[in-house]
Amino acid sequence: MSIALNLDHATAPRPARQTRKPLVGLDRAALAQTLVEGGIAEREARMRASQLWNWMYVNGVTDFERMTNIGKGVRQQLADNFMLDRPEIVTEQVSSDGTRKWLFRFRDPANPNMPPVEVETVYIPETDRGTLCVSSQVGCTLTCSFCHTGTQTLVRNLTAGEILGQVLMARERLGDFPGGSRPTDGLVPSGETRAITNIVMMGMGEPLYNYDNVKQALLIASDEAGISLSKRRITLSTSGVVPKIGPTGSEIGVMLAISLHAVRDDLRDILVPINKKWPLKELLQACRHYPGLSNARRITFEYVMLRDINDSDADARELVRLLAGIPAKINLIPFNPWPGSNYECSTSSRIEKFADIVNRAGYASPVRTPRGRDIFAACGQLKSETERLSKKDREALAG
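The shown structure was predicted, so the numbers you read here are calculated from the model rather than taken from an experiment.

In terms of helices and strands, the chain carries eleven helices and 14 strands. Burial analysis of the chain (399 residues in total) assigns 52% to the buried set. Here the analysis covers contacts within the chain between residues at least 6 apart in sequence; of these, 68% occur between residues at least 24 apart. As displayed, the chain has an accessible area near 17700 Å², and 49% of this comes from carbon and sulfur atoms.

Per the stated rule, a full pass over the model turns up 24 salt bridges. Linking Glu120 and Lys101 is a salt bridge whose minimum nitrogen-to-oxygen distance equals 3.1 Å. Taken together, the residues Glu120 in strand E6 (residues 117–125) and Lys101 in strand E5 (residues 100–106) connect sequence positions 19 residues apart. Residues Arg156 and Glu162 are paired through a salt bridge, measuring 2.9 Å at the closest nitrogen-oxygen approach. Owing to a relative accessible area of 8%, Glu162 belongs among the buried residues under this scheme.

A few words now on the environment of Gln51. Position of Gln51 relative to the elements: it lies in helix H2 (residues 42–58). Looking at Gln51, the relative accessible area reads 13%, which means it is buried. As for Gln51 and Ile70, which are separated by 19 residues in sequence, their C-alpha atoms are 8.0 Å apart. With near-sequence residues (within four places) excluded, Gln51 lies in contact with Asn69 and Ile70.

Moving on to helix H8 (residues 280–288). Leu280, Leu283, Leu284, Ala286 and Cys287 are the residues of H8 that are buried. All buried residues of H8 lie within an arc of 155 degrees about the axis, which places them on one face of the element. The elements touched by buried residues of H8 are helix H6 (242–252), strand E12 (255–259), helix H7 (265–271), strand E13 (299–305) and helix H9 (313–322).

In this model, H2 (17 residues) spans 24 Å end to end at C-alpha, consistent with the 24 Å of a helix rising 1.5 Å per residue. Restricting attention to buried positions, one finds in H2 the residues Ala45, Arg48, Ala49, Gln51, Leu52, Trp53, Trp55, Met56 and Tyr57. Along its buried surface, H2 packs onto helix H1 (28–37), helix H3 (72–81), helix H4 (160–173) and helix H5 (211–221).

The next point concerns the pairing of strand E10 (residues 198–201). The alternating pattern of E10 places Asn198 and Val200 and Ile199 and Met201 on opposite faces, both of which are buried. The pairing of strand E7 (residues 130–133) with E10 spans three bridges and is parallel. Across the sheet, Thr131 pairs through a bridge with Asn198, a residue of E10. Note: E10 against strand E11 (residues 234–238), three bridges, orientation parallel. Looking at E11, one finds that Ile199 is bridged to Ile234. Remark: the E10/H5/E11 crossover connection has right-handed handedness.

Glancing now at the packing of aromatic side chains. Here the structure, examined in full by the defined rule, presents four aromatic pairs. Judged by centre distance (5.0 Å) and plane angle (70 degrees), the ring pair of Trp53 and Tyr57 falls under edge-to-face. Of this pair, Trp53 and Tyr57 both sit in helix H2, separated by four residues, roughly a single helical turn. As far as burial versus exposure is concerned, Trp53 and Tyr57 are alike and both buried. Taking the centre distance of 5.8 Å and the plane angle of 10 degrees together, the rings of Trp102 and Phe104 count as stacked. Both residues of the pair, Trp102 and Phe104, belong to the buried class. In this arrangement the basic side chain of Arg28 is found over the ring face of Trp53, its NZ or CZ atom lying 4.2 Å from the centre.

A few words now on the confidence of the model for the chain. For the chain, per-residue confidence averages 88 on the pLDDT scale, and 85% of positions sit at 70 or higher. Confidence drops under pLDDT 50 across residues 8–17; counting only partners more than four residues distant or on other chains, this segment forms 17 contacts. This model gives residues 389–397 a pLDDT under 50, and the stretch forms nine contacts once residues within four places in sequence are excluded.

The next thing to look at is the side chain of Glu118. Within the secondary structure layout, Glu118 lies in strand E6. A distance of 2.7 Å separates polar atoms of two side chains, one belonging to Glu118 and the other to Arg105.

What follows concerns the environment of Asp27. If you trace the backbone, Asp27 turns up in the loop between strand E2 (21–22) and H1. Along the chain, Asp27 and Ala49 lie 22 residues apart, while their C-alpha atoms are 9.6 Å from each other. Beyond its immediate stretch of four places on either side in the chain, Asp27 contacts Trp53, Gln216 and Ile220. Engagement of the side chain of Asp27 in a polar contact is seen with the backbone nitrogen of Ala30, the distance being 2.8 Å.

What follows covers the pairing of strand E14 (residues 328–334). Across the seven residues that make up E14, a large majority, six, are buried. Remark: the E13/H9/E14 crossover connection has right-handed handedness.

What counts as what
Residues numbered from 1 in each chain as written. Predicted model: local features only at pLDDT ≥ 70, side-chain atom pairs only at ≥ 80, totals over all residues. Heavy atoms only, no water. Helix = DSSP H or I, 4+ residues; strand = E, 2+ residues; numbered from the N terminus. Buried < 20%, exposed > 50% of the residue type's maximum accessible area, 1.4 Å probe, protein only. Contact = heavy atoms within 4.5 Å. Areas by Shrake-Rupley, 256 points an atom, 1.4 Å probe, with all protein chains shown as cover. Salt bridge = Lys/Arg side-chain N within 4 Å of Asp/Glu carboxyl O. Arc of directions from axis to C-beta. Expected span 1.5 Å × (residues − 1). Pairing = 2+ DSSP bridges. Right-handed = clockwise from strand over helix to strand, strands pointing away. Phe/Tyr/Trp six-rings, centres within 6.5 Å; stacked < 30°, edge-to-face > 60°. Lys NZ or Arg CZ within 6 Å of the ring centre and 35° of its normal. pLDDT = per-residue confidence, 0-100. Polar contact = N/O pair within 3.5 Å; in protein donor to acceptor, adjacent residues only side chain to side chain.

Listed below in structure tokens is the structure:
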């Protein structure tokens, strides 16, 4: 049984003035420069940027008036020129297993005539940890045949601020900021444990097709003076954008997950069509050279279990052969059905036999317990109703 709350009106932020610029998602240098452009004296901009950074990311404040270590006149100047708005919550659903899913709505302050866009974000709690599954795009370009998100065409990339906005709004709803209260419905870690201990870039979209914004958002999320999540607790999942895999390790430094799902190019071309551009040989070579790769920083290979498609003993043995020499963990994911899908989940006995072959070869191969299926929050089930505008319509609205 799931609980759905419509919070559309209760959480809608005040309308943005066209002249106000968003500050969430800017790195420190850009934040200071933006303050200067908004009338803050250059000699004090760096100090104000540091103060704002703490209020935004440590204290979760969205109202300049609450920033008590900033003078009243400066607070008014900030409010007149900038905004710290977060996404609107259209719906919040809580699964029978405690999983929580939000439908977030974003408006473009630079283009107020453009229709808003919506994405889904999922919180997966355990008693001692909580993982937030974050989206990087509205829709997706990859058209993976087993994935519900792939049936929604790409609308646009999310900005760094919109990616972080999902994290900040989830932290607010989960009572993860100072003075916050934990929700009483669903499951949330108790005591001193943070509600959100891990982030996975596994929501809607391909993160490495929005590399610059994802990079900036994750560097801010891992900043010790802000949200302060360890990079070992942040995982970026890609379907195989090979040229960006190396930079992900050297420039962002987070954990890597690969949506593999097949051990032969002919099958992966169907399941994960990006394979036609970067086939298995190139993908696995990039994995072998991932910066920082070690037994302590293994790559996770995600493998969705599809009945009579990719779940044979021969597939398991070939998977072991392909990954030889790569420090790796293999997540076996029971297929999560969605309306119109053409696949079925492998049987429990088949999944167990597949896992046994992989385990005996020395690889950890946990079977991921499906979470949030009753609210379509499970892996591969996310989708929003936002539609892509034609170029003509976009130009008409912008003009």
